[in-house]
Amino acid sequence: MAHGNVIKKRLLATLFLLLGCADVTSSLFDDRVFADDSTVSLASLTFITEEYPPYNYLDGDRLMGSSVELLEAMLAHAGSPLGRDDIRYYPWVRGYELALHRPNTVLFSTTRTPSRESRFHWVGPIARDHVVLLARQGANIRVSSLDDAIEQGVSVAVIREDIGAQALTEAGYPEALIRPAMDNRSALHMLLHERVDLWAYSSDVAQWIAEQAGYPAEIVVPLYTLSESYLYFALNAETDSRLVAQLQQAFEHVTTLPVAIQAGSDG
């Protein structure tokens, strides 16, 4: 019996030792996970923007706009070393494609729509935007609906992958009547030089572009509203969810805009 008690004591001691090692291992594992969380940094994100004033645009060689200032404040709050000078400025189509296919890429300001919902993670909203069909001042065009525009054979300038282009395509607007432009200034040129009948774009941004080109803002006239949507920071769908959460938390800290707007409520 004494021998049996010794064996039993040794087994118990071994069991306690193993349990102790398991606790240590678990503790080390938890510490490692915590350390991994702490190394997730917004500095690993690539931020891309385009010319979409007054939200984001170039003034000389410096990025300006309310969205740029908002992002700068968010990065500062998060303790990120990134700043305004780290934001990349690309044409819309290139920026959209990069954000769509490259993890950890953020594109702003991007309209959140049902068709784009699953393609990105979303942080925001930044602001509300109105996308309309614009005519040149003095043009004898009246549009009460997209069906009305189709019946009249109205041609429309768009920027590829822009919300205006997507809204028309999703509504079944004939491809033969959609005329792609290289950028917003090119679209304005097409409209004012009567190469197209209308332009699908944000009314506020279009008027700003017109003024920058030396025209009065009233040179472009809104005729028909395509959508009333919210602008967001759009993050590539494969971006680490912890980075998305960090950026949203930073947004919520520096802004008083509502944060629970559903994409399905967009126009």
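Here the structure is shown first, and the text comes after it.
Before going into details, it helps to say that this report is about the structure given with it. None of the values given here were measured: they were computed from a predicted structure. (Residues numbered from 1 in each chain as written. Predicted model: local features only at pLDDT ≥ 70, side-chain atom pairs only at ≥ 80, totals over all residues. Heavy atoms only, no water.)

On to the packing of helix 6 (residues 184-192) against helix 7 (residues 203-212), then. Remark: helix 6 packs on helix 7, axes separated minimally by 10 Å, with the N-to-C direction vectors making an angle of 80°. Looking at the two axes, helix 6 sits roughly perpendicular to helix 7. Contacts between helix 6 and helix 7 involve N184, R185 and L188 on the former and, on the latter, W208, I209, A210 and Q212. Of the residues that constitute the contact of helix 6 with helix 7, the class distribution is 4 nonpolar, 2 polar and 1 charged. (Axes fitted to C-alpha atoms, helices over the stretch in contact; angles between N-to-C directions. Helix = DSSP H or I, 4+ residues; strand = E, 2+ residues; numbered from the N terminus. Parallel < 35°, antiparallel > 145°, perpendicular 65-115°, else oblique. Contact = heavy atoms within 4.5 Å. Nonpolar A, V, L, I, M, F, W, Y, C, P; charged D, E, K, R; others polar.)

So, about the environment of E161. Along the chain, E161 turns up in the loop between strand 7 (156-159) and helix 5 (163-170). What makes E161 partly exposed here is its relative accessible area of 21%. The spatial distance from the C-alpha of E161 to the C-alpha of E97 is 8.9 Å, given a sequence separation of 64 residues. In contact with E161, not counting residues within four places along its chain, are W92, Y96, E97, R116 and Q166. Of the polar contacts made by the side chain of E161, one reaches the side chain of Q166; its length is 3.3 Å. (Buried < 20%, exposed > 50% of the residue type's maximum accessible area, 1.4 Å probe, protein only. Polar contact = N/O pair within 3.5 Å; in protein donor to acceptor, adjacent residues only side chain to side chain.)

Time to look at the sheet that holds strand 5 (residues 105-111). In spatial order, the strands read 4-1-5-10-6-9-7-8; together these 8 strands make up an open sheet with mixed pairing. A single partner strand is all that each edge strand has here, and the edge strands are strand 4 (88-89) and strand 8 (178-181). Direction of pairing for strand 5 relative to strand 10 (residues 220-236): antiparallel, over a ladder of 4 bridges. Bridge assignment links L107 to a residue of strand 10, and that residue is A234. Contacts between helix 6 and the sheet are confined to strand 6 (120-136), strand 7, strand 8, strand 9 (198-202) and strand 10, with strand 9 contributing the most and set at about 150° to the helix. (Pairing = 2+ DSSP bridges.)

Relative to the assigned elements, S229 resides in strand 10. Exposure remark for S229: the relative accessible area of 1% places this residue in the buried category. Within the structure, the side chain of S229 is placed 3.5 Å from the side chain of S227, a separation counted as a polar contact.

With that out of the way, let us pick up the nonpolar core. Formed by 61 residues in total, the largest nonpolar core has its most connected members in F47, M74, V123, W199, Y201 and F233. If we skip the residues at most four places from it in the chain, F233 touches S67, L70, L71, M74, V106, L107, F108, H121, W122, V123 and I126. Residues L133, I141, V156 and A165 belong to the second largest nonpolar core, which totals 21 residues. (Core = buried A, V, L, I, M, F, W, Y, C linked by side-chain atoms within 4.5 Å.)

So, on to the side chain of E50. Looking at the secondary structure, you find E50 in the loop between strand 1 (46-49) and strand 2 (57-59). This buried residue, E50, is left without a salt bridge; R116 holds the nearest opposite charge, at 8.6 Å. Residue contacts for E50: discarding those within four places in its chain leaves N56, Y57, Y89, Y90, W92 and F108. (Lys, Arg positive; Asp, Glu negative; His and termini not counted. Salt bridge = Lys/Arg side-chain N within 4 Å of Asp/Glu carboxyl O.)

The buried fraction of helix 5 amounts to 6 of the 8 residues, a majority that puts the element mostly inside the structure. Turning to helix 5, its buried residues are I163, G164, A165, Q166, A167 and L168. Positive backbone phi, at 80°, marks G172, one or two positions downstream of helix 5.

Two elements, strand 7 and strand 8, share 4 bridges in a ladder whose sense is parallel. By the bridge assignment, V156 is partnered in strand 8 with I178. Handedness of the β-α-β unit built from strand 7, helix 5 and strand 8 comes out right-handed. (Right-handed = clockwise from strand over helix to strand, strands pointing away.)

Here the focus is unusual backbone geometry. Cis geometry marks the peptide bond from P53 to P54; its omega dihedral reads 10°. By the secondary structure assignment, P54 is in the loop between strand 1 and strand 2. Although it is not a glycine, E161 sits at a positive phi angle of roughly 70°. Phi is positive for E194, which is not a glycine, with a value near 60°. Mapped onto the elements, E194 comes out in the loop between helix 6 and strand 9.

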